[in-house]
Amino acid sequence: MIVNDGTFEGSILDWEVKKQPTYYKPNDNDEYQEAQLCATVRQDTYEQIGTVGKGYEVIQNSKIYEGLCNALEGTDFEICNMGTTDNGGRVFIQADVGGHSDFTINGDPYKGFLSIWHSFDGSCATTAGDTTNRMKCFNQFNYERAKGKNIFRMHIRKTKSASYKFDNMMIALSEMVDSRKEMIERLERIMNMPMSDTDANLFTLGYHNSVKSRGVNLANHIHGLYRSGMGNNGETRYDMFNAFTEFHTHGYANSKRSEESQIKTSLIGAGHRTKNNVLNILEDDNKVEKIISRGRQLMAEVL
């Protein structure tokens, strides 16, 4: 879930986590013994949100928030989004950092956010990355560079004043700006690569590589977004990229998938990987033609 409110107190992240011991019986008739793993438990709902080792150190949401604010001190920034996935097993905070947020790609407006992710289930380290929003449709994209870093493992430390701060935040920001420049160049290239409606239809079918109803319906849905999705004109490979990002950001209009689940797949899950994979393909004429050829074969089977 995402909330657009930068105040921590009373926010969606205003709760604490406690590490609790777990117990097991070696055999049915034995006494319970303490296990080597612990449960992480939300203290507002008392739900278990993770299983971690005894050495795992809980860093509270408030400290992540404090660490980000302290690391950005001296810049023009605003905490604009906070949210959770997995019932709080993973949390994120997004900042709009002045001078690093608003940009355009051939007149198409975008906004970039510095995103901090943290988990209470040990599934990922605390990381920082660049999340871009296409403002016409609010499609979200976490770009993955072919070379160099754009996802950064962050170390939060307690300072002498007993406050918390992320180390090397300015270095991470600089790297993310370089990453964004690379992303912009790649998207500008595919803006200038025409794609006919017929090829777009075959591409979506070939990419999903299935003649089953589910695969064909998904291919047709994304083809429809290529034609008339939010901000699309049905003319270029950029329209095709945005068709995929629109679907994998928002899903089907009548989907039963939860908001948390949709956010997770879009930003760090299968949807995130699909968006980057499609961009890699669309830049390469040989890869595009291979996908279209596969779509042509499948079309003959469907018909």
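Here, the structure is the one placed above.
Residues numbered from 1 in each chain as written. Predicted model: local features only at pLDDT ≥ 70, side-chain atom pairs only at ≥ 80, totals over all residues. Heavy atoms only, no water.

Comments concerning the overall build of the protein chain
- Along the protein chain, the regular secondary structure elements total eight helices and 13 strands.
- The principal-axis extent of the C-alpha atoms belonging to the protein chain is close to 65 × 60 × 35 Å.
- In the protein chain, 61% of the contacts between residues at least 6 apart in sequence involve partners at least 24 apart.
- In the form shown here, the protein chain has an accessible surface area of approximately 15400 Å², with 46% of it arising from carbon and sulfur atoms.
- Of the charged side chains in the protein chain, 35 are positive and 40 negative, and the gap between their average positions amounts to 4 Å. (Helix = DSSP H or I, 4+ residues; strand = E, 2+ residues; numbered from the N terminus. Contact = heavy atoms within 4.5 Å. Areas by Shrake-Rupley, 256 points an atom, 1.4 Å probe, with all protein chains shown as cover. Lys, Arg positive; Asp, Glu negative; His and termini not counted. Charge placed at Lys NZ, Arg CZ, Asp CG, Glu CD.)

Remarks on the packing of helix α6 (residues 259-267) against helix α7 (residues 270-282)
- The N-to-C vectors of α6 and α7 enclose an angle of 35 degrees; their axes lie 4 Å apart at closest approach. Note on packing geometry: the crossing formed by α6 with α7 is right-handed. Facing α6, whose interface residues are T265, S266 and L267, α7 presents A270, G271, H272 and K275.
- Counted by class, the contact of α6 with α7 contains two nonpolar, four polar and one charged residues. (Axes fitted to C-alpha atoms, helices over the stretch in contact; angles between N-to-C directions. Left-handed = near helix turned anticlockwise from the far one by under 90°. Nonpolar A, V, L, I, M, F, W, Y, C, P; charged D, E, K, R; others polar.)

A look at a nonpolar patch on the surface
- Side chains of V211, V302 and L303 sit close together on the surface and give an oily, nonpolar patch of about 300 Å² of accessible area.
- Mapped onto the elements, V211 comes out in the loop between α3 (197-208) and α4 (213-228). (Patch = residues over 30% accessible without salt bridge, like charges linked within 9 Å, V, L, I, M, F, W, Y side chains within 5 Å. Salt bridge = Lys/Arg side-chain N within 4 Å of Asp/Glu carboxyl O.)

Focus: the pattern of salt bridges
- In this structure the tally under the stated criterion is 13 salt bridges.
- One salt bridge connects D130 with R180, and the closest N-O pair in it is separated by 2.6 Å. Highlighted residues: D130 in strand β9 (residues 127-134) and R180 in helix α2 (residues 169-191), separated in sequence by 50 residues.
- You can call R180 buried: its relative accessible area is 11%.
- Notably, a salt bridge pairs R237 with D285, separated by 2.9 Å at the nearest N-O pair. A residue pair is termed long-range when its members are at least 10 positions apart, and R237 in helix α5 (residues 237-250) and D285 in helix α8 (residues 285-302) qualify at 48 residues.
- Look at D285 and you get partly exposed, because its relative accessible area is 49%.
- One salt-bridge network, in which partners are shared between bridges, spans D96, D102 and K111. (Buried < 20%, exposed > 50% of the residue type's maximum accessible area, 1.4 Å probe, protein only.)

Focus on the environment of R227
- Tracing the backbone shows R227 in helix α4.
- When its relative accessible area of 48% is taken as the criterion, R227 is described as partly exposed.
- In the structure, R227 is positioned 12 residues away from D239 in sequence and 7.7 Å away in space, judged by C-alpha atoms.
- When near neighbours in sequence (up to four residues on either side) are disregarded, R227 contacts D197, N232, N233 and G234.

Observations regarding the environment of I263
- Relative to the helices and strands, I263 is located in helix α6.
- Each C-alpha atom, one on I263 and one on H250, is 8.4 Å from the other, the two residues being 13 residues apart in sequence.

Re the environment of L68
- Looking at the secondary structure, you find L68 in helix α1 (residues 61-71).
- Judged by relative accessible area, which is 0%, L68 ranks as buried.
- Residues L68 and D285 lie 217 residues apart in sequence; the distance between their C-alpha atoms is 42 Å.
- Non-local contacts of L68, meaning those with residues more than four positions away in its chain, are made with I79, I93, A95, L114, I116, F166 and M169.

Some remarks on the sheet that holds strand β2 (residues 17-24)
- Strand order in the open sheet made by the three strands is β2-β3-β4, with antiparallel pairing throughout. Looking at which strands have only one partner, the edges of the open sheet turn out to be β2 and β4 (48-53). Taken over all neighbouring pairs, the strand axes of this sheet differ in orientation by 35 degrees on average, direction set aside.
- Relative to β4, strand β3 (residues 33-42) is paired through five bridges, and the arrangement is antiparallel. In the sheet register, V41 faces β4, and the bridge partner there is Q48. (Pairing = 2+ DSSP bridges.)

Thoughts on unusual backbone geometry
- Of note, the phi angle at Y46 is positive, near 60 degrees, even though the residue is not glycine.
- Of note, Y46 is situated in the loop between β3 and β4.

Everything listed is a geometric property; what it means functionally is a separate question.
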